[in-house]
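Architecture and fold: a report
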Amino acid sequence: MGEITADLLLRAYAAGLFPMGESADDPELFWVDPELRGVLPLDAFHIPRSLKKAVRHGLFEVTADRAFATVIQRCAEPTPQRRATWINPEITRLYSELHRRGHAHSLECWHEGRLAGGLYGVALGGAFFGESMFSREPDASKVALVHLVARLRRGGFMLLDTQFVTAHLARFGAIEIPRRAYRRQLAEALERPALFYRELDPEGLAVLQSMTHTS
């Protein structure tokens, strides 16, 4: 694959492709276009009861775009549960450039001043492409995901792309859809103007409250 630029990366997302690396130590990237695509329907997002309590009680301070570089670095680090990751220096470079351009965003969960978890992804039109998440304390990345969905709902997004469906994401309602159906949803979402909220306004806080106070 030739050199990938931030502009090329955005065009690839708009066409339904995303890049991955074989490992954190391999500098090469390859394009991925799964036959079955993972999506998390925003109107069918499921929050386990115990997690609703964690969000309501403010277990973590949640911010957006405060520590993007640290979030992607932590996502790239191996853990006992995940010995290796696909986030190599080229991925870090490209998404850091997208962040500087306002297309890549992070959510951070803080506990007693320490970064306990978070996630990052790419916003393009009314589509948000989730890339990776990490957690150093129980429920931290899950709380970040709840706050992400609240922001996407408030901002008018139509599509939350998870790329693949893991058992973890399936608990929140993630499903697989065929490539053709995904591209239809993507095309519609790209035409939709949307706003990624770094700070939740009163309407956004109301959305978060409605998500976490229902049974």
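Criteria and cut-off values
Along every chain, residues carry numbers that run from 1 in the direction the sequence is written. Where local features are concerned, this predicted model is filtered to residues with pLDDT of at least 70; where side-chain atom pairs are given and counted, the filter is 80 or more; whole-chain, interface and lining totals use all residues. Working from all heavy atoms in the structure, the side-chain values ignore hydrogens and water. For this document, the term salt bridge refers to a Lys or Arg side-chain nitrogen within 4 Å of an Asp or Glu carboxyl oxygen. The way it works is that DSSP assigns letters per residue, a run of H or I at least four long becomes a helix, a run of E at least two long becomes a strand, and they are numbered from the N terminus. Using a 1.4 Å probe on the protein chains alone, a residue whose accessible area is under 20% of its type maximum counts as buried, one over 50% counts as exposed, and one in between counts as partly exposed. Pairing between two strands requires that DSSP report at least two bridges joining them. Between the N-to-C directions of two axes lies an angle of 0 to 180 degrees, each axis being a line fitted to C-alpha atoms and, for a helix, fitted only over the stretch in contact. In what follows, a contact means two residues having at least one pair of non-hydrogen atoms within 4.5 Å. Note on handedness: a clockwise path from strand one over the helix to strand two, with the strands aimed away from the viewer, defines a right-handed crossover.

Within the structure shown, the criterion is met by 15 salt bridges. Linking E77 and R136 is a salt bridge whose minimum nitrogen-to-oxygen distance equals 3.0 Å. In this pair, E77 sits in the loop between α3 (68–76) and α4 (89–100) while R136 sits in the loop between β7 (127–135) and α5 (140–155), placing the two residues 59 residues apart along the sequence. We note a salt bridge from R100 to E97, for which the minimum N-O separation is 3.0 Å. Separated by 3 residues within a single helix, R100 and E97 lie in helix α4, roughly one turn from each other. Judged by relative accessible area, which is 59%, R100 ranks as exposed. Through salt bridges with shared partners, a single ionic network connects D7, E97, R100 and R101.

Strands sit in the order β4-β5-β6-β7-β8-β3-β9 across an open sheet of 7 strands; the sheet is mixed. At either end of the open sheet lies a strand with only one pairing partner, and these are β4 (61–64) and β9 (175–178). Each strand axis lies, on average, 35 degrees off the axis of its neighbour in the sheet, ignoring direction. The pairing of strand β5 (residues 104–111) with strand β6 (residues 114–124) spans 8 bridges and is antiparallel. Among the inter-strand pairings, E108 is bridged to a residue of β6, identified as G118. The strands that helix α1 (residues 6–15) touches are β6, β7 and β8 (159–163); relative to β6, the one it contacts most, it runs at about 75 degrees. Contacts between α4 and the sheet are confined to β5, β6 and β7, with β6 contributing the most and set at about 75 degrees to the helix.

Okay, the pairing of β7 next. Where β6 meets β7, 8 bridges bridge the pair, whose relative direction is antiparallel. When the bridges of β7 are listed, A123 appears paired with F128. What sits between β6 and β7 in their antiparallel hairpin is a turn of 2 residues, with G125 showing a positive phi close to 60 degrees. For β7 and β8, the ladder comprises 3 bridges, and the chain directions are parallel. Counted as the bridge partner of F129 is D161 from β8. In this region the chain leaves β7, passes through α5 and returns to the parallel neighbour β8; the handedness of that crossover is right-handed.

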